[in-house]
Amino acid sequence: MRIKSRVEGDEVVLDWTPEPHHEAFSGFVNGGIIGVLFDCHCNWAAAYHLMQRAGDATPPFTVTADYAVKMRRPTPSGGPLRLRARVVESTDDRAVVEATLEAGGVERASCRGTFVAVKPGHPAYARWQGHAEGERR
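Presented here is an overview of the structure given in this document. A quick note: this is a predicted structure, and the numbers were derived from the prediction, not measured. (Residues numbered from 1 in each chain as written. Predicted model: local features only at pLDDT ≥ 70, side-chain atom pairs only at ≥ 80, totals over all residues. Heavy atoms only, no water.)

## Brief notes about the pattern of salt bridges
Moving on, step 1. With the rule as written, the count across this model stands at 9 salt bridges.
Moving on, step 2. Residue Glu107 pairs with Arg72 through a salt bridge whose shortest N-O separation is 2.8 Å. Linking Glu107 in strand E8 (residues 106-118) with Arg72 in the loop between strand E5 (61-71) and strand E6 (81-90), this pair joins segments that are 35 residues apart in sequence.
Moving on, step 3. Note on Glu107: relative accessible area 30%, which makes it partly exposed.
Moving on, step 4. Arg72 sits in the partly exposed class, given a relative accessible area of 43%.
Moving on, step 5. Between Asp93 and Arg94 there is a salt bridge, with its nearest N and O atoms 3.4 Å apart. (Salt bridge = Lys/Arg side-chain N within 4 Å of Asp/Glu carboxyl O. Helix = DSSP H or I, 4+ residues; strand = E, 2+ residues; numbered from the N terminus. Buried < 20%, exposed > 50% of the residue type's maximum accessible area, 1.4 Å probe, protein only.)

Rendered as structure tokens:
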């Protein structure tokens, strides 16, 4: 998806512009693509939060335990989308994240999910390489 999330205050924000191959039909983003955007973006919001909470220099590797997306209205594909995510609950190894997706200043979808830090030996451990503090691609 080539997303680039960034920290802005207590939120993690993503600006992303869909391409024609992200459309369900002409002019509108596919719901599966919206789900993937939420999963990736919220996962990074959780990892960043857990890093800050632990006082670590690098984020933990996190996986999705669950997430639910609510499609509120069709999402047009003709311009940038903005996702905003924030952690609403957390423990040492997991975070619950709520997020919204906007297009044209209007909320189009929302998401709530739980993301869990994994340890060495887990298949997802160390799957991201070359990440910088406050930013994940």
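## Looking at the pairing of strand E7 (residues 94-103)
Moving on, step 1. Across 9 bridges, E6 lies against E7 in antiparallel orientation. Bridge pairing links Arg86 to Glu98 in E7.
Moving on, step 2. Hairpin remark: E6 followed by E7, antiparallel, with 3 residues in the connecting loop.
Moving on, step 3. When E7 meets E8, the two strands line up antiparallel, connected through 10 bridges. Along E8, the bridge assignment pairs Ala95 with Phe115.
Moving on, step 4. A loop of 2 residues connects E7 with E8, the two strands running antiparallel in sequence, and Gly104 in this loop sits at a positive phi of about 60°. (Pairing = 2+ DSSP bridges.)

## A closer look at the nonpolar core
Across soluble globular proteins, nonpolar side chains have a tendency to be buried as a group.
Moving on, step 1. Core analysis: the largest hydrophobic core is formed by 30 residues, its most contacted members being Trp16, Leu37, Phe38, Cys42, Leu81, Val97 and Leu101.
Moving on, step 2. Contributing elements (two or more residues each) for this core: strand E2 (11-16), helix H1 (31-54), E6, E7 and E8.
Moving on, step 3. Per-element accounting of this core gives the leading share, 12 residues, to H1.
Moving on, step 4. Leaving out residues up to four positions away in the same chain, Phe38 has contacts with Asn43, Val69, Leu83, Ala99, Thr100, Leu101, Ala109, Ser110 and Cys111. (Core = buried A, V, L, I, M, F, W, Y, C linked by side-chain atoms within 4.5 Å. Contact = heavy atoms within 4.5 Å.)

## Observations regarding the packing of aromatic side chains
Moving on, step 1. All chains considered together, the criterion is met by 3 aromatic pairs.
Moving on, step 2. Considering the side-chain rings of Phe25 and Phe28, the 5.3 Å spacing of their centres and the 40° angle between planes classify their relative orientation as tilted.
Moving on, step 3. For Phe28, a relative accessible area of 29% corresponds to the partly exposed category. (Phe/Tyr/Trp six-rings, centres within 6.5 Å; stacked < 30°, edge-to-face > 60°.)

## Remarks on the pairing of E6
Moving on, step 1. The pairing of E2 with E6 spans 5 bridges and is antiparallel. Considered in E6, the bridge of Val12 is made with Ala85.

## Overview of unusual backbone geometry
Moving on, step 1. For Arg2, which is not glycine, the phi torsion reads 55° and is therefore positive.
Moving on, step 2. You can see Arg2 is positioned in the segment before strand E1 (5-8).
Moving on, step 3. Under the relative-accessibility criterion, Arg2 is labelled exposed at 84%.

## Digging into H1
Moving on, step 1. Over its 24 residues, H1 extends 34 Å from the first C-alpha to the last, a length consistent with the 34 Å expected when each residue adds 1.5 Å.
Moving on, step 2. Regarding H1, its N-cap is Asn30, as a side-chain oxygen of that residue lies 2.6 Å from the backbone nitrogen of Gly32 further along.
Moving on, step 3. Gly55, located one to two residues past H1, shows a positive phi value of around 70°. (Expected span 1.5 Å × (residues − 1). Polar contact = N/O pair within 3.5 Å; in protein donor to acceptor, adjacent residues only side chain to side chain.)

Take it as geometry only, folks, not as evidence of what the structure does.
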